[in-house]
Every structure is written in C-alpha cells, then in structure tokens.
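# Observations on the model geometry
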Amino acid sequence: MEKVLHMLNRVLNGVTAVSLAFMAILVFGNVVLRYLFNSGITWSEEMSRFLFVWMTFLGAISALKDNEHLGIDMFVKKLSPRMKKAVFVLTNGIVLYVLWLVLDGSWKMTLINMDSMAPATGLPLACVYGIGIVMSICMAIIIAFNLYRVLFGKRSVEEFIRARESEEELLVSSQQQAVPEVAGK
C-alpha cells in the first residue's frame, strides 16, 4: 500500500511539474516570438490557461494529502481529545459534502461541454471541467482514509490538526532560545 501511495504521489508531483514547465515554456516562447519575430503561437495562451487550471487543482490534492491547507486551529487546540475528534469528523463531513457538490457540478459541466471545443486549441472543454471530477474524487478518498485512521485509532487527530507555528512564531521562539545561551556565557 505504501509503495502505491508513494508512486501516486510521484505521479501527481510529476504531472504538476510538467504542467508548470510546459506552461512556462509556452508563455516565454510566445513572448519571445511576439517581440522578436512579430508572430506568436495562437494556442499558447489558451493552453497555458488550461494547464494552470489543472496545475491548481492537482496542487490542491497534493496540499490536502500533506495536510498543508490553511486552517484556524486556535479553538480546536483548546478542546479535549474527544471533542477534537468530534470536530475533526464534523468538519471533514462538511468537506466531503462540498466535494460531492464539486463532483456533481463538474460532472454536469463536463457532460454539457463534451461537444464544445476550445477556439484556439480545439480541445474539448470537457478536458478543462474534468479536473473537478478528478480533484473531488481524489480529495474524497484522502479525507475518507484520514477519517478511517482517526476513527479506528490508526492515527491521532492531533496529526491532522494544523498545529504548526507560523514562520514569525518560529523566528521569535528561536531568537528567545538563542538569547539565554548568549547571556549565560
């Protein structure tokens, strides 16, 4: 299981990196062609936009997998472990519902735009709206897996609560730790 997850993580990161690289090449190449040769690639702007949409949604999956989405944990950190678990289950239930809404809307938009083509690239617009389907399914799997691990004791809820300090707090605490060492010498 770990090997499969590691491979999927590498594929996700690889697709995101390739999207970013291809997007940068297209935009830079089009700028060079426009200013130096007074021409350009007609479909590069549209393709860059599509790649940006895909890269953003794939990055959201990656951020959820690594528990890197923004969150406010000021109140949750003060709760008892039992209440933390209840809040974790409730909030993830809400997120699963929102993901269902995204899946439903993306599915409908994909079906509606199956025959519509993008003007410059000629790609079906279903390719653009399809990322909502991919994202919602992948995120739902991640959340369901995390819920299972918390509910059945495989992991502690504290591991999923965003209890990391901000960069400023880390800097202040490291400076405070360095001051007594200097004063003691």
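Keep in mind it's a predicted model, so treat the numbers as computed, not measured. The residue count restarts for each chain, going from 1 along the sequence in the order it is written. Under the rules for a predicted model, residues below a pLDDT of 70 receive no local features and side-chain atom pairs below 80 are neither given nor counted, while totals for whole chains, interfaces and linings still include all residues. The side-chain quantities take in all heavy atoms of the structure and omit both hydrogens and water.

### With respect to the overall build of the chain
Each helix corresponds to a stretch of at least 4 residues labelled H or I by DSSP, and each strand to a stretch of at least 2 residues labelled E; elements are numbered beginning at the N terminus. For the chain, the helix and strand inventory stands at five helices and zero strands. Taken from the N to the C terminus, the helices and strands of the chain come in the order α-α-α-α-α. With 185 residues in all, the chain has 25% of them scored as buried. Residue contacts follow a heavy-atom distance rule, with two residues in contact if any of their heavy atoms lie within 4.5 Å. Taking all contacts inside the chain whose residues are at least 6 apart in sequence as the whole, residues at least 24 apart take part in 70%. Note on exposure labels: buried denotes an accessible area under 20% of the residue type's maximum, exposed denotes more than 50%, and partly exposed covers the range between, all computed with a 1.4 Å probe on protein chains only.

### Some points on the nonpolar core
To form a nonpolar core, buried Ala, Val, Leu, Ile, Met, Phe, Trp, Tyr and Cys residues must be joined to one another through side-chain atoms within 4.5 Å. Core analysis: the largest hydrophobic core is formed by 17 residues, its most contacted members being Ile61 and Met139. Elements that contribute at least two residues to this core include exactly helix H2 (44-65), helix H3 (81-112) and helix H4 (126-151). Here this core gets seven residues from one element, more than from any other, and that element is H4. Apart from the residues within four sequence positions on either side, Ile61 is in contact with Leu12, Val134, Met135, Cys138, Met139 and Ile142. Grouped together as the second largest cluster of nonpolar side chains are five residues, Met23, Leu26, Met47 and Met55 included.

### Some points on the layout of surface pockets
Computed from the structure, the largest pocket encloses a volume of approximately 1400 Å³. Of all the elements in the fold, those that place two or more residues in the lining of the largest pocket are helix H1 (2-37), H2, H3 and H4. The leading source of residues in the lining of the largest pocket is H4, at ten residues. Note on residue classes: Ala, Val, Leu, Ile, Met, Phe, Trp, Tyr, Cys and Pro are nonpolar, Asp, Glu, Lys and Arg are charged, and everything else, Gly too, is polar. Residue composition of the lining of the largest pocket, by class: 29 nonpolar, eight polar and ten charged. Cavities and pockets were defined on a 1 Å grid built from protein atoms only: a cavity is a group of points that admits a 1.4 Å probe but offers it no way out, a pocket is an open group of points flanked by protein on both sides within 12 Å along at least five of seven lines, and a lining residue is one with an atom within 4 Å of any such point. Grid points are joined across faces, edges and corners, and a volume is the space filled by probe spheres set on the points.

### Points about unusual backbone geometry
For Asn38, which is not glycine, the phi dihedral falls at a positive 55°. Its place among the elements puts Asn38 in the loop between H1 and H2. Residue classification places Asn38 among the exposed residues on the basis of a relative accessible area of 72%.

### Regarding H1
By definition here, a helix of n residues has an expected span of 1.5 Å times n minus one. Between the first and last C-alpha of H1 there are 51 Å, a value that for 36 residues agrees with the 52 Å anticipated at 1.5 Å per step. When we look at burial in H1, the residues that qualify are Leu12, Thr16, Ser19, Met23, Leu26 and Asn30. The inward-facing, buried residues of H1 contact H2. Positioned one or two residues after H1, Asn38 has a phi angle of 55°, which is positive.

### Here's the deal with the UniProt feature "transmembrane region" (unreviewed entry) in the chain
UniProt positions are given in the numbering used here, feature names are shortened, and annotations may be inferred rather than shown by experiment. As recorded in UniProt, the sites labelled "transmembrane region" (unreviewed entry) are residues 12-37, 86-103 and 123-148. Taken end to end, residues 12-37 is 100% helix and 0% strand, and its two terminal C-alpha atoms sit 36 Å from one another. The distance separating the terminal C-alpha atoms of residues 123-148 is 39 Å; by composition the span is 88% helix and 0% strand.

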